[in-house]
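Topology and contacts: notes
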Amino acid sequence: MLNRPEKRNCMSPTLNNEMLEVLDAVALDAEARVMVLTGAGEAFTAGMDLKEFFRDTDSMSRAQRDIVQRSAFEWQGPRLRQLPVTTIAMVNGFCFGGGFLPLSSCDLAVTADDALFGLSEVNWGIIPGGNVPHAVIQTMNLRDAMYYSITGETFDGRKAAEMGLVNESVPRERLLARVLEIAELMKSKNPAIVRGTKETIRHLRTMGWSEGENYINAKFAEAQYTDTEQGRSKGLTQFLDEKSIRPGLEGYRR
Ligand code: COA
């Protein structure tokens, strides 16, 4: 949980350093299957901290600023994307600017209908930085990405779902229950196969057809190797021999 409600969970250098530690702890936890990223209070996150991340770093040397930026972009981008467990952004309120990066880095996203989103950088005179444009074009279509980036207009959770920026938008009182439902479903799946699948889906977006096919084949073999519970063999036995499951409709018994 991004936990600076009094500052609408905007992301300061301290918060960014702490998030690197949190993500390491989740990755190291052998029992962890799902991570939900959300915000305390009325915001998911109001984006980067305009004081501590921007104004206070103006007087720093380029090298010092690079270090401050690195911890932010590292957890919001690659470290969150590479987390071995399923990640769900639970957007409980304001999501502005830099908040689009962790939002897009999570595997799934569910929002409250009345949450408010905005690419507000233009409203205070900067270009969206820190790979936000990249995150945006990977999760929004070009027209919406362009419109909201150059106008800075806000949109609500329903609109975010309609655009495909999030998987679902639900009434605020259903938000936690719906996210926990998805988390429970993911906990019932084979973790090695889920990891291989999410990595494949994520990386294929930037690959061409033939290197993609080659990558899928390699990930396919990797998943068989890392799957200690031998899911494929159980699934085939339960369907073909025991006729006790129909994989089109349900998962195999683990
Ligand atoms: N950076 C630094 N401080 C921020 C912040 C941010 N991104 N977002 C909110 N805060 C701080 C405010 O300065 C205020 O601090 P204070 O109580 O010490 O004065 C506190 O959080 C509460 O913010 P406030 O504006 O009073 O709350 P609100 O509920 O009326 O409005 C927002 C919430 C999110 C709409 C508004 O704070 C806002 O526009 N924030 C900036 C969002 C933004 O453009 N982010 C993009 C960064 S790239």
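If you're wondering where the values come from, they're calculated on a predicted model, not measured in any experiment. Going along each chain's sequence as written, the residues are numbered from 1 onward. Selection of residues for local features in this predicted model requires a pLDDT of at least 70, selection of side-chain atom pairs for listing and counting requires 80 or more, and totals for whole chains, interfaces and linings are taken over all residues. In computing side-chain values, all of the structure's heavy atoms are included and hydrogens and water are not.

Reading across the sheet, the 4 strands line up as β1-β3-β5-β8 and stay open at both edges, with parallel pairing between neighbours. Whereas interior strands pair on both sides, the edge strands pair on one side only; in this sheet they are β1 (34-37) and β8 (168-170). Neighbouring strand axes in the sheet, compared pairwise and without regard to direction, differ in orientation by 20 degrees on average. By the convention used here, residues are in contact when the closest approach between their heavy atoms is within 4.5 Å. Helix axes are fitted to C-alpha atoms over the stretch in contact, other axes to C-alpha atoms as well, and angles between N-to-C directions run from 0 to 180 degrees. Note on conventions: DSSP H or I runs of at least 4 residues are helices, E runs of at least 2 residues are strands, and numbering of each starts at the N terminus. Running over the sheet, helix α8 (residues 175-187) touches β1, β3 (86-91), β5 (108-112) and β8 and is turned about 175 degrees from β3. A strand pair is defined by DSSP finding two or more bridges across the two strands.

Right, let's talk about the layout of surface pockets for a bit. In this analysis the probe radius is 1.4 Å and the grid spacing 1 Å, with only protein atoms considered; a cavity is a set of points the probe fits into but cannot get out of, a pocket is an open set with protein on both sides within 12 Å along at least five of seven lines, and lining residues have an atom within 4 Å of a point. Grid points are joined across faces, edges and corners, and a volume is the space filled by probe spheres set on the points. In this structure, the largest pocket occupies an estimated 680 Å³ of space. Lining the largest pocket are 27 residues, and of these Asn190, Ile193, Val194, Thr197 and Tyr252 lie nearest its centre. Only α9 (191-204), α10 (209-226) and α11 (231-241) provide two or more residues apiece to the lining of the largest pocket. If one sorts the elements of the lining of the largest pocket by residue count, α9 sits on top with 6 residues.

Turning to the site of the ligand, a few remarks are in order. For this description, a residue counts as near a given molecule or strand if any of its non-hydrogen atoms is within 4 Å of it. Taken together, the neighbourhood of the ligand is formed by 14 residues, with Lys7, Ala46, Met48, Leu50 and Ser120 sitting nearest. Polar contacts, as used here, are pairs of N or O atoms within 3.5 Å; protein pairs need one atom able to donate a hydrogen and one able to accept it. Residues neighboring in sequence count only if both atoms are side-chain atoms. Here an oxygen atom of the ligand sits 3.0 Å away from a polar atom, N or O, in the side chain of arginine 8. Within the backbone of leucine 50, one N or O atom sits 2.8 Å away from a nitrogen atom of the ligand. The protein chains hide 60% of the 860 Å² of surface that the ligand would expose on its own. In this classification, Asp, Glu, Lys and Arg are treated as charged, Ala, Val, Leu, Ile, Met, Phe, Trp, Tyr, Cys and Pro as nonpolar, and every other residue, Gly included, as polar. When the residues that make up the shell around the ligand are grouped by side-chain class, the tally is 7 nonpolar, 1 polar and 6 charged. Note on areas: these come from Shrake-Rupley sampling with a 1.4 Å probe, and a residue is covered only by the protein chains present in the view.

Let us look at the pairing of β3. Judged by how many residues are buried, β3 sits mostly within the fold: 6 of 6 residues are covered. In terms of strand pairing, β1 meets β3 through 4 bridges, oriented parallel. What sits directly across from valine 34, in β3, is threonine 86. Remark: exposure states derive from per-residue accessible area (1.4 Å probe, protein chains only) relative to the maximum for the residue type, with buried under 20%, exposed over 50%, and partly exposed in between.

This next bit is on α10. With 18 residues, α10 extends 25 Å between its outermost C-alpha atoms, agreeing within 8% with the 26 Å of an ideal straight helix rising 1.5 Å per residue. Along α10, the positions that sit buried rather than exposed are Gly212, Tyr215, Lys219 and Ala223. Summarising the axial view, the buried residues of α10 lie within an arc of 75 degrees, below the 170-degree limit, and thus occupy one face. Opposite the buried face of α10, by more than 90 degrees, sit the exposed residues Ser210, Asn214, Phe220 and Tyr225. Expected helix span is taken as 1.5 Å per residue step, with the number of steps being one fewer than the number of residues. Note: the arc covers the axis-to-C-beta directions of the helix.

Moving on: the packing of helix α1 (residues 13-28) against helix α3 (residues 62-81). Here α1 crosses α3 at 35 degrees, and the two axes come no closer than 8 Å. Between α1 and α3 lies a crossing of left-handed hand. Contact residues: Pro13, Leu15, Asn16, Asn17, Met19, Leu20, Leu23 and Asp24 in α1; Val68, Ser71, Ala72, Glu74, Trp75, Gln76, Arg79 and Leu80 in α3. The class makeup of the residues in the contact of α1 with α3 is 9 nonpolar, 4 polar and 3 charged. Each crossing is labelled by how the near helix is turned from the far one, with a counterclockwise turn of less than a right angle marking it left-handed and a clockwise turn marking it right-handed.

Once that is clear, we can look at the side chain of serine 104. Position of serine 104 relative to the elements: it lies in helix α4 (residues 100-105). Among the polar contacts made by the side chain of serine 104, one reaches the side chain of arginine 81 at a distance of 3.2 Å. In this structure serine 104 touches Arg81, Ala135, Thr139 and Arg202, once residues within four positions along its chain are discounted.

This part is about the environment of threonine 228. Within the secondary structure, threonine 228 is located in the loop between α10 and α11. According to the relative accessible area criterion, threonine 228 is exposed, its value standing at 77%. Sequence separation between threonine 228 and isoleucine 67 is 161 residues, and the spatial gap between their C-alpha atoms is 39 Å.

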